[in-house]
Amino acid sequence: MAFRISAKRVAATLKASNISAAPNCVLKRNASQATAAATNLSEGIRNEIHREASLPNADPAADSATAALVDEQAPFMVKTYVRPPPMFVKGEGCYLWDVENRKYLDFTAGIAVNALGHCDPGMTRLLAQQAKTLIHTSNLYHNPWTGALSELLVQKTLESGSMHDAQSVFICNSGTEANEAAIKFARKSGKVLDPSGEKHEFVSFHNSFHGRTMGALSATPNPKYQKPFAPMLPGFKYGTFNDVAAIKDLVNEKTCGVIVEPIQGEGGVLVATEEFLVALAARCREVGAVLIYDEIQCGLSRTGTFWAHASLPKSAHPDIITSAKALGNGFPIGATIVNQSVSEKIVVGDHGTTFGGNPLACRLAHYIVSRLSDPALQKEVAVKSKIFLEHFKVLQQKYPELVTEIRGRGLHLGLQLTQDPAPIVAAARERGLLIITAGTNTLRFVPSLTITESEIEEGFNVLDEAMRVVTSAVKPAAE
């Protein structure tokens, strides 16, 4: 248990209350004994002591070592993020440890990144080995690992029953870069088909998330992300996800490309219907638009198949798949997989990258793809998914006024709540479990694919307690 009411704070409170402080050595050894003797402590201090004593992972206090380090570094960092108080310094498997050596079970996997868990031994061994051999040369020169990774991605895609005409790959550094490449490739395809430039429009869908760079951001119709940087790039149109009837008017002869997530992760773990994706693909073929499946979050076996669209008929396969996140298991890398119809329109100089395809990133990704494409691992994902779903159903029955819907596939899952999940996220964190949100009032679950059944059980014990505490606190106010 991390008890963090510091000896200094207790001593100061005792002094202010005219109570004799215990010797420093006693305070440092056990602050709780000193506070127990303090009968004149304010109610606020007593409540804080009681709260922190009852929580195994109470958030670091304002006078903690963590807070001191955060405050020291904050002035030098652009304020683009709001983070919870803990600072993590170590990871292993499905666990993280913070500056103050508190242990957390991680149901987030770095937002679906650490599919093999934190600091996978095989990955760290290869990282050290390749770092001693060759890290970077730029794309001015050949290296053996860019081609090897590209070949493996095409091979495993074909073997999995996904994108049946996958042919070649562009390797980059991130998901947004993978989508930027896909957008550019679609625009180039439109230019080749219609040199007048009329075929330039690009379609994406509400509740999607494709990245933060300007092209990918223009395909992400969320005012929260777009408004500060408006106007967006011209030519982008937005449709309603899973609205089959609207596809014909939305995608037309001016459309050069359509990008869609088979499962909208950031949007709230919303699963595309087969009917929608089949109809969308058919319309793209009809008007000559490039169909892009953004599988950055849902791909690489997170749903139990190598790509989330693997169960679709060939007619609904994409022209481009974009990938990142789990591809590097924490090391920056992205990939844009294309078929011949796209690749034959791309010529030397159309696109490029300085760091993308470097031998270190590509060797690591080659190893990771080899692991994630293992049918045995994919079967385990399906088994673990069922365990998650069983626990979700129990929570839904136990808290019917809180949990309204269970969504997702594999280990890409969501719980729709009737209220802001933030208090539950905080309560879980302070009890040693990390979970994240998505969309509107949705809890998102994207753990490492290597998570064990016992770790799942451990996590749900904490989540149940967090929900109990939060719902119990809300009920009196409702009355």
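Heads up: these notes are all about the structure in this document. Sequence order sets the numbering: in each chain, residues are counted from 1 along the sequence as written. It should be noted that, the model being predicted, local features are given only for residues of pLDDT at least 70 and side-chain atom pairs only at 80 or more, the latter also being counted only at that level, while totals for whole chains, interfaces and linings use all residues. Hydrogens and water molecules were not included; the side-chain quantities draw on all heavy atoms of the structure.

## Here we look at the pattern of salt bridges
So, point 1. One side-chain nitrogen of Lys or Arg within 4 Å of one carboxyl oxygen of Asp or Glu is enough to make a salt bridge. Taken as a whole, this structure holds 16 salt bridges when the rule is applied.
So, point 2. In this structure, Lys156 engages Glu159 in a salt bridge whose closest nitrogen and oxygen atoms are separated by 3.5 Å. A residue pair is termed a helical-turn pair when its members lie 3 or 4 positions apart in one helix, as Lys156 and Glu159 do in helix H8 (residues 144–159) at three residues.
So, point 3. On the basis of relative accessibility, which here comes to 54%, the residue Glu159 falls in the exposed class.
So, point 4. The salt bridge involving Glu266 is made with Arg444; its shortest N-O contact spans 3.3 Å. Pair noted here: Glu266 is in the loop between strand E8 (263–264) and strand E9 (270–271) and Arg444 is in strand E17 (residues 442–445), with a separation of 178 residues, a long-range link.
So, point 5. Three or more residues are tied together by salt bridges with common partners; here these are Asp98, Glu100 and Arg102. Only DSSP runs of H or I reaching four residues or more are called helices, and only runs of E reaching two or more are called strands; each is numbered from the N terminus. Only protein chains enter the accessibility calculation, which uses a 1.4 Å probe; a residue whose area is less than 20% of its type maximum is buried, one above 50% is exposed, and one in between is partly exposed.

## A short note on the pairing of strand E4 (residues 166–172)
For a regular strand, side-chain orientation follows a simple rule: the groups alternate between the two sheet faces.
So, point 1. Counted residue by residue, E4 has five buried out of seven residues, so it is predominantly covered.
So, point 2. Here six bridges tie E4 to strand E12 (residues 334–339), and the two strands are oriented antiparallel to one another. Looking at the pairing, Cys172 lines up with Gly334 of E12. One bridge is not enough; two strands pair if DSSP finds at least two bridges between them.

## As for the packing of aromatic side chains
So, point 1. Any pair of Phe, Tyr and Trp rings, taking the six-membered ring for Trp, is counted once the centres come within 6.5 Å. Such a pair is stacked with planes under 30 degrees apart, edge-to-face with planes over 60 apart, and tilted for the rest. By the definition in use, this model includes 17 aromatic pairs.
So, point 2. Where Phe202 meets Phe236, the ring centres are 5.3 Å apart and the plane angle is 45°; that geometry is what we call tilted. Taken together, the positions of Phe202 in strand E5 (residues 201–205) and Phe236 in strand E6 (residues 236–239) put the pair 34 residues apart, joining distant regions of the chain. Both residues of the pair, Phe202 and Phe236, belong to the buried class.
So, point 3. Among the aromatic residues, those joined into a ring-pair cluster are Phe107, Phe388, Phe392, Phe445 and Phe460.
So, point 4. Geometrically, a charge over a ring is one whose NZ (Lys) or CZ (Arg) sits within 6 Å of the ring centre while staying within 35 degrees of the ring normal. Geometry around Trp97 places Lys90 over its ring, the cationic atom sitting 4.8 Å from the centre.

## Some remarks on the pairing of strand E2 (residues 95–98)
So, point 1. Every second residue of E2 is oriented toward a common face, with Tyr95 and Trp97 on one face and Leu96 and Asp98 on the other, all of them buried.
So, point 2. Direction of pairing for strand E1 (residues 88–92) relative to E2: antiparallel, over a ladder of four bridges. When the bridges of E2 are listed, Gly91 appears paired with Leu96.
So, point 3. Between E1 and E2, which pair antiparallel one after the other, the connecting turn spans two residues, and Gly93 there sits at a positive phi close to 60°.
So, point 4. Sheet analysis places E2 next to strand E3 (residues 103–106), joined by three bridges and oriented antiparallel. Of the residues in E3, the one forming a bridge with Trp97 is Lys103.

## Re the layout of surface pockets
So, point 1. A cavity, in this analysis, means grid points on a 1 Å lattice covering only the protein atoms where a 1.4 Å probe fits yet has no way out; a pocket is instead an open set bounded by protein on both sides within 12 Å along at least five of seven lines, and a residue lines either one if it has an atom within 4 Å of a point. Grid points are joined across faces, edges and corners, and a volume is the space filled by probe spheres set on the points. Here the second largest pocket is characterised by a volume of approximately 540 Å³.
So, point 2. What lines the second largest pocket is a set of 24 residues, and nearest its centre among them are Val169, Phe170, Ile171, Ile346 and His351.
So, point 3. Counting residues per element, the ones that place at least two in the lining of the second largest pocket are E4 and E12.
So, point 4. A per-element tally of the lining of the second largest pocket places E4 first, with four residues.
So, point 5. Under the scheme applied, nonpolar residues are Ala, Val, Leu, Ile, Met, Phe, Trp, Tyr, Cys and Pro; charged residues are Asp, Glu, Lys and Arg; polar residues are all the others, including Gly. The residue makeup of the lining of the second largest pocket, split by class, is ten nonpolar, 13 polar and one charged.

## Some points on empty space enclosed by the protein
So, point 1. This structure, assessed with the given rule, holds one cavity of 30 Å³ or more.
So, point 2. Estimated volume of the largest cavity: approximately 30 Å³.
So, point 3. Lining the largest cavity are His136, Thr137, Ser138, Asn139, Asn143, Thr354, Phe355, Gly356, Gly357, Asn358 and Pro359.
So, point 4. Residues belonging to the lining of the largest cavity are distributed by class as follows: two nonpolar, nine polar and no charged.

## Here's the deal with the sheet that holds E5
So, point 1. Strand order in the open sheet formed by seven strands is E4-E12-E11-E10-E7-E5-E6, and the pairing between neighbours is mixed. The two strands at the open ends of the sheet, each matched to only one other strand, are E4 and E6. Along the sheet, successive strands turn relative to each other by an average axial angle of 20°, direction set aside.
So, point 2. Here E5 pairs with E6 via four bridges, running parallel. Residue pairing in the sheet places Val203 in a bridge with Lys237 of E6.
So, point 3. Against the sheet, H8 contacts E4, strand E11 (320–323) and E12, and its axis sits at roughly 135° relative to E4. In this analysis an axis means a line fitted to C-alpha atoms, helices contributing only their contacting stretch, and an angle means the value between N-to-C directions, from 0 to 180 degrees. Contacts were defined at the residue level, with two residues in contact if any of their heavy atoms lie within 4.5 Å.

## Side note on helix H13 (residues 274–287)
So, point 1. For H13, with 14 residues, the first-to-last C-alpha span of 20 Å sits near the 20 Å given by 1.5 Å per residue.
So, point 2. Looking only at H13, the buried set comprises Phe276, Leu277, Leu280, Ala281, Arg283, Cys284 and Val287. Looking straight down H13, one finds its buried side chains confined to an arc of 165°; they lie on one side. The exposed set on the far side of H13, more than 90 degrees from its buried face, consists of Glu275 and Glu286.
So, point 3. Buried residues along H13 sit against E5, helix H12 (247–250), strand E7 (255–260) and strand E10 (290–294).
So, point 4. Taken from the residues just after H13, Gly288 is the one with a positive phi, measuring 75°. The span one expects for a helix is its residue count, reduced by one, times 1.5 Å. Of all possible arcs, the one meant is that of the directions from the helix axis to the C-beta atoms.

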